Amino acid sequence: MALPARIVTLVVAFLAVAALAVFVVVHYFLFSPPTVTFGAGVTADTGATVHVVLQEDPQNTVSTHPDWVSYFIQDPTTHKWVHTTIFKVPAGSRIDVTIYGYDGCTPLRNPYFGKVTGTIGGVEYVNGKPYSQLDSWSACHVGHTFSIPGINLNVPMATPDLSATLCGVSPCTTASPHRTVTFSFNSPTATGTYFWQCRVPCGGGFIDGFGGPMQTIGFMTGNMEVVS
Ligand SMILES: [Cu+2]
């Protein structure tokens, strides 16, 4: 090979490796889903009420993994659904949560995670009716959970009727079969990042159902940033 050809080959090979390295860094280390801020004008540590709205879907159809189950968060200003699981709330506030459950059921590994913990009053409301536990074993009633281990919060998500045709395009709208889960909890007075997750093995196609969406921020796990 002539010298110029060898130089060109070398340069092209170098650029290919550099481009791959840049892709890996950006895609796996720098990419982070957006953060949705709730209670922007609220003074922290006053017990003021902040309303947080999410939905969980059988798919997401907006990402490079359209078949992965996923949560979405509603921007309180634009009311648009954002494909993320990162949200910000003021410290020392009452957080009123509404989650629209569009996904079907998957039995929990341990019925313990069907128990409601960490909410005000120890209950969640499903379509307005209070429950302290949802049973995912005797009847399949649980799609996902919304759990913040750092504050012992665990809330199972109720599913639509088993015979219902589930929403197929995300973000789902309330025209699709769903159940509305509401609950309240107090955000901690200690600021920081509180990791949250789903505890249903809902990562279909992955070993034990705990891979894929279950371990990816933006799908079934995320962060609650508590700020003052
Ligand atoms: Cu899940």
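Residues numbered from 1 in each chain as written. Predicted model: local features only at pLDDT ≥ 70, side-chain atom pairs only at ≥ 80, totals over all residues.

Here we take up the domain arrangement of the chain. As a measure of interface size, the accessible area lost when the parts come together is often cited. Under the domain assignment used here, the chain contains domain 1 (1–31) and domain 2 (34–227). Computed from C-alpha atoms alone, the centre-to-centre distance between domain 1 and domain 2 is 42 Å. (Domains from an automatic or database assignment.)

A word on the sheet that holds strand β8 (residues 129–131). Spatially, seven strands are ordered β4-β3-β2-β6-β11-β7-β8 in an open sheet, and the strand pairing comes out mixed. The open sheet is flanked by β4 (81–82) and β8, the only strands paired with a single partner. Pairing of strand β7 (residues 124–126) with β8, which is carried by three bridges, proceeds in the antiparallel orientation. Considered in β8, the bridge of Val126 is made with Lys129. (Pairing = 2+ DSSP bridges. Helix = DSSP H or I, 4+ residues; strand = E, 2+ residues; numbered from the N terminus.)

Looking at where Leu20 falls in the secondary structure, it is placed in helix α1 (residues 3–30). Between the alpha carbons of Leu20 and Trp196 there is a distance of 32 Å; along the sequence they are 176 residues apart.

Here we take up unusual backbone geometry. Trans peptide bonds make up the majority, and among non-glycine residues the majority have a negative phi. The omega torsion of the bond from Ser170 to Pro171 falls at -10°, within 30 degrees of zero and hence cis. If you trace the backbone, Pro171 turns up in the loop between β10 (153–158) and β11 (179–186). Despite not being glycine, Asp45 shows a phi value in the positive range, around 60°. With respect to the helices, strands and loops of the structure, Asp45 is situated in the loop between β1 (35–37) and β2 (49–57).

All right, on to the pairing of strand β3 (residues 70–74) then. Put simply, side chains in a regular strand alternate between the two faces of the sheet. Within β3, five of the five residues are buried, leaving the element largely enclosed by the surrounding structure. In β3, alternate side chains face the same way, and those of Ser70, Phe72 and Gln74 on one face and Tyr71 and Ile73 on the other are all buried. Relative to β3, β2 is paired through four bridges, and the arrangement is antiparallel. Bridge pairing in β3 places Glu56 opposite Tyr71. In terms of strand pairing, β3 meets β4 through two bridges, oriented antiparallel. Residue Ile73 lies in a different strand from β4, and its bridge partner there is Val82. Connecting β3 to the next strand, β4, in antiparallel fashion are six residues, including His79 with a positive phi near 60°. (Buried ≥ 20, exposed ≤ 12 C-beta atoms within 10 Å, placed from the backbone.)

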